[in-house]
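# Structural overview for review
If you want the building blocks of each chain, they are given just below.
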Amino acid sequence: MRIRFTKMQGAGNDFVVLDETRGRLNLTSAQYRQLADRHFGVGADQVLSVRPSPGPGIDFEYVIHNSDGGEVEQCGNGARCFARYVADKGLARGDSIRVQTLSGVIEPRLNPDGRVTVDMGAPIFDPPAVPFVAAGLSPHKDGGWEKWHLALGTYAESPIIAVCVLSMGNPHAVQEVLDVDRAPVATQGPLIEHHARFPKRVNAGFMQVQERGRIRLRVWERGAGETLACGTGACAAVVAGVRLGRLGPRVDVETRGGLLTIEWAGGNAPVYMTGPATTVFEGEIELQDP
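Residues numbered from 1 in each chain as written. Predicted model: local features only at pLDDT ≥ 70, side-chain atom pairs only at ≥ 80, totals over all residues. Heavy atoms only, no water.

## Some remarks on the overall build of the chain
Our working definition: What counts as a helix is a DSSP run of H or I of at least four residues, what counts as a strand is a run of E of at least two, and both are numbered from the N terminus. Atoms counted for the radius of gyration: C-alpha only. Globule rule: 2.2 Å times the number of residues to the power 0.38. Only protein chains enter the accessibility calculation, which uses a 1.4 Å probe; a residue whose area is less than 20% of its type maximum is buried, one above 50% is exposed, and one in between is partly exposed. A contact between two residues is defined here by any heavy atoms of the two lying within 4.5 Å. Surface exposure here means Shrake-Rupley accessible area, sampled with a 1.4 Å probe, where a residue is shielded only by the protein chains that are shown. This count recognises Lys and Arg as positive and Asp and Glu as negative, with His and chain-terminal groups excluded. All charge positions are set by atom: Lys at NZ, Arg at CZ, Asp at CG, Glu at CD.
What the chain contains, in helices and strands, is 4 helices and 19 strands. Radius of gyration (C-alpha) of the chain: 18 Å, near the 19 Å computed for a compact globule of 290 residues. Expressed along its principal axes, the backbone C-alpha trace of the chain runs to roughly 50 × 40 × 35 Å. Residue burial in the chain is summarised as follows: out of 290 residues, 54% are buried. The long-range share in the chain, meaning contacts at least 24 apart out of those at least 6 apart in sequence, stands at 61%. Working note: accessible area of the chain is about 12,400 Å², and carbon and sulfur atoms make up 49% of it. Across the chain, 30 positive and 33 negative side-chain charges occur, with their mean positions spaced 2 Å apart.

In structure tokens:
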């Protein structure tokens, strides 16, 4: 099976984008894994599929598969690349589109400076909706919000971390660290991702607050490992920082792949994310038959 693809990146978070507006490719999990494989495929953190409108008032359907082949609800950096792709391919008219994701509708907008802004919707704090199993735990007050203490193991010496729990259409656990370069992302990330309190697994964020308008961030992404940037992770970190009283309503997020700008007015207001979206190359690949 031979298919065409476009390789894109947003702040170093890289994607394989597939045009399914003329018909479904019906790829299997194994084929998504092959596409994302950096040795035997194209290489990507996620595979993004552009599909036709599923209903009135919606321009496209946006489907995301992680590098492990599993479908996920949301990807913020991918949303910016999605918007850039449909604009560059002439699939969309105007600078703004409405896109259906597994977790709801988002509205990416192309800016005159070449960056893309995405209305990511309002954050979700209700534990069952994240989902997060809070039974038997009590949150600990911190600033204007709360954190949950989680043991990363069953031994007496297992580390205990304090995390803010929320959803940006996908689940996030955000912890504050003094130095993001020294944060135990590679060791704690998988333990947090697969923690029993998160039945659908979770993205683990490590946030260093530098000042009220700037943070540094690393994210261990569910199903992908640590990536150079995570758009929903940046949104979740800023929302957590605002609710804790550490951050203001507009924050520059420094990731290992580049800079993202996140804006949130609090409450039920939507979170806006602005950042780059770039096409790297296009090509064709032969996929193994299912």
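## A short note on the pairing of strand 14 (residues 214-221)
Basically, it comes down to this: At least two DSSP bridges between two strands are required for those strands to pair.
With 7 of 8 residues buried, strand 14 lies mostly within the body of the structure. For strand 13 (residues 203-211) and strand 14, the ladder comprises 7 bridges, and the chain directions are antiparallel. Paired with M207 across the strands is L217, a residue of strand 14. Following strand 13, the chain reverses through 2 residues before pairing antiparallel with strand 14. One ladder, built from 3 bridges, connects strand 14 with strand 16 (residues 250-254); its direction is parallel. Considered in strand 16, the bridge of I215 is made with V253. Where strand 14 meets strand 15 (residues 225-227), 3 bridges bridge the pair, whose relative direction is antiparallel. Bridge pairing in strand 15 links E221 to G225. As consecutive antiparallel partners, strand 14 and strand 15 are separated by 3 residues, and within that stretch G223 has a phi angle of approximately 80°, a positive value.

## Topic: the pairing of strand 8 (residues 116-119)
Residues V116 and V118 line one face of strand 8 and the alternating positions T117 and D119 line the opposite face, and both faces are buried. In this sheet, strand 8 lies alongside strand 7 (residues 104-110) in antiparallel orientation, the contact comprising 4 bridges. Bridging across to strand 8, R109 finds its partner in T117. The hairpin formed by strand 7 and strand 8 contains 5 residues between the paired strands, and G114 there has a positive phi angle of roughly 95°. Two strands pair when backbone bridges link them, and strand 8 and strand 18 (residues 271-275) are joined in this way by 4 bridges, in the antiparallel orientation.

## Some details on helix 4 (residues 231-244)
Working note: α-helix, 3.6 residues per turn, so residues spaced by three or four point in the same direction. Note the cut-off: One less than the number of residues in a helix, times 1.5 Å, gives the span that helix is expected to have.
Given a rise of 1.5 Å per residue, 14 residues ought to cover 20 Å, and the 20 Å separating the end C-alpha atoms of helix 4 matches this to within 8%. In terms of residue burial, helix 4 counts as a mostly covered element, since 12 of its 14 residues are buried. Those residues of helix 4 that sit buried are G231, T232, G233, A234, C235, A236, A237, V238, V239, A240, G241 and L244. Once helix 4 ends, the next one or two residues include G245, with phi positive near 90°.

## Structural notes on the pattern of salt bridges
Which entries qualify depends on this criterion: Each salt bridge in this description consists of a side-chain nitrogen of Lys or Arg and a carboxyl oxygen of Asp or Glu lying within 4 Å of one another.
One pass over the structure, following the stated rule, counts 28 salt bridges. Across the pair R256 and D181 runs a salt bridge, and its minimum N-O distance is 4.0 Å. Here D181 lies in the loop between strand 12 (171-176) and helix 3 (185-193) and R256 lies in the loop between strand 16 and strand 17 (259-264), a separation of 75 residues in the sequence. R256 sits in the partly exposed class, given a relative accessible area of 48%. Overall, the relative accessible area of 43% leaves D181 in the partly exposed class. Among the charged side chains, a salt-bridge network with shared partners connects D181, R214, R216, R218, E226, E254 and R256.

## Here we look at the environment of R93
Locating R93 in the fold gives a position in the loop between helix 2 (76-88) and strand 6 (99-101). R93 gets classed as exposed once you look at its relative accessible area, which sits at 83%. Note: C-alpha distance between R93 and V118 (25 residues apart in sequence) is 17 Å.

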